Amino acid sequence: MTGIVDLEKLLESMSPVLVEGEFVFCNVTGQLSEYIYLNPLATFTELEGLTLVLSKSSAENADISFENTYKQITLTVHSSLEAVGLTAIISNKLASKGISANVIAAYFHDHVFVQSEKAQAALAALHEISGKNG
């Protein structure tokens with residue numbers, strides 16, 4: 001199944017959904033294998049260390065520090081990794097509302113992490129883009 005490349009179709013087809021739970025971005029030292037038991041939602045290796053995206057409860061239970069909490073909004077449209085402009089439109093819309101957009105593109109969908117306290121406003125803004133009411 002091939003993802004959608006056409007920006008207009010992506011915007012018309014997306015149905016943003018707020019995922020249950022709160023997530024945190026953590027920076028840790030060591031190897032991913034040391035943290036796999038935490039079942040990270042996402043990982044990324046940078047020069048400064050390993051970034052883990054974890055459920056808030058997993059980070060707290062493992063005594064891993066974090067600064068802020070985020071809610072995940074999944075766009076629920078199969079976007080192609082080759083699509084151009086979707087992230088820009090999403091981040092610009094959220095920026096206009098004073099909401100940061102931390103976007104992770106996975107194989108099937110794009111996932112936007114927003115400050116927990118701004119999640120409902122972010123969801124409403126994304127529904128405005130798609131022309132759908134939440």
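Conventions used here
Residue positions are counted from 1 within each chain, in the order its sequence is given. In view of the model being predicted, local features appear only for residues whose pLDDT reaches at least 70, and side-chain atom pairs are presented and counted only at 80 or more, with totals across whole chains, interfaces and linings using the full set of residues. The side-chain numbers reported here are obtained from all heavy atoms of the structure, hydrogens and water having been left aside. To qualify as a helix, a DSSP run of H or I must reach at least 4 residues; to qualify as a strand, a run of E must reach at least 2; elements of each kind are numbered from the N terminus. Computation of the radius of gyration draws on C-alpha atoms, with the globule rule given as 2.2 Å multiplied by the number of residues to the power 0.38. Two residues qualify as a contact provided that any one of their heavy atoms is within 4.5 Å of a heavy atom in the partner residue. Strands qualify as paired when DSSP identifies two bridges or more between them. Patch definition: residues above 30% relative accessible area lacking any salt bridge, with like charges linked at up to 9 Å and the nonpolar side chains Val, Leu, Ile, Met, Phe, Trp and Tyr linked at up to 5 Å. Every accessible area reported is derived by Shrake-Rupley at a probe size of 1.4 Å, with residue values counting cover from the shown protein chains alone. Within this document, salt bridges are pairs made up of a side-chain nitrogen of Lys or Arg and a carboxyl oxygen of Asp or Glu, the two lying within 4 Å of each other.

## Examining the overall build of the protein chain
Secondary structure assignment for the protein chain yields four helices and seven strands. Secondary structure elements of the protein chain occur, N-terminal to C-terminal, as α-β-β-β-β-α-β-α-β-β-α. In terms of overall size, the protein chain behaves like a compact globule, its C-alpha atoms giving a radius of gyration of 16 Å where 134 residues would be expected to give roughly 14 Å. Principal-axis analysis of the C-alpha atoms gives the protein chain an extent of 45 × 30 × 25 Å. In the protein chain, of all internal contacts separated by at least 6 residues, the share reaching a separation of at least 24 is 71%.

## Comments concerning the pairing of strand β3 (residues 42-46)
As paired elements, β3 and strand β4 (residues 49-55) share five bridges and run antiparallel to each other. Counterpart to Ala 42 in the pairing with β4 is Val 53. Hairpin connection, β3 to β4: the antiparallel pair is bridged by two residues.

## A few points about a nonpolar patch on the surface
On the surface, Leu 81, Tyr 107 and Phe 108 cluster together into a nonpolar patch covering about 360 Å² of accessible area. Residue placement: Leu 81 occurs in the loop between β5 (70-74) and α3 (86-96).

## Some thoughts on the environment of Phe 25
Secondary-structure assignment places Phe 25 in strand β2 (residues 23-28). Through-space distance from the C-alpha of Phe 25 to that of Ser 58 is 11 Å; in sequence the pair is 33 residues apart. Non-local contacts of Phe 25, meaning those with residues more than four positions away in its chain, are made with Thr 51, Leu 52, Val 53, Phe 66, Tyr 70, Asn 102 and Phe 113.

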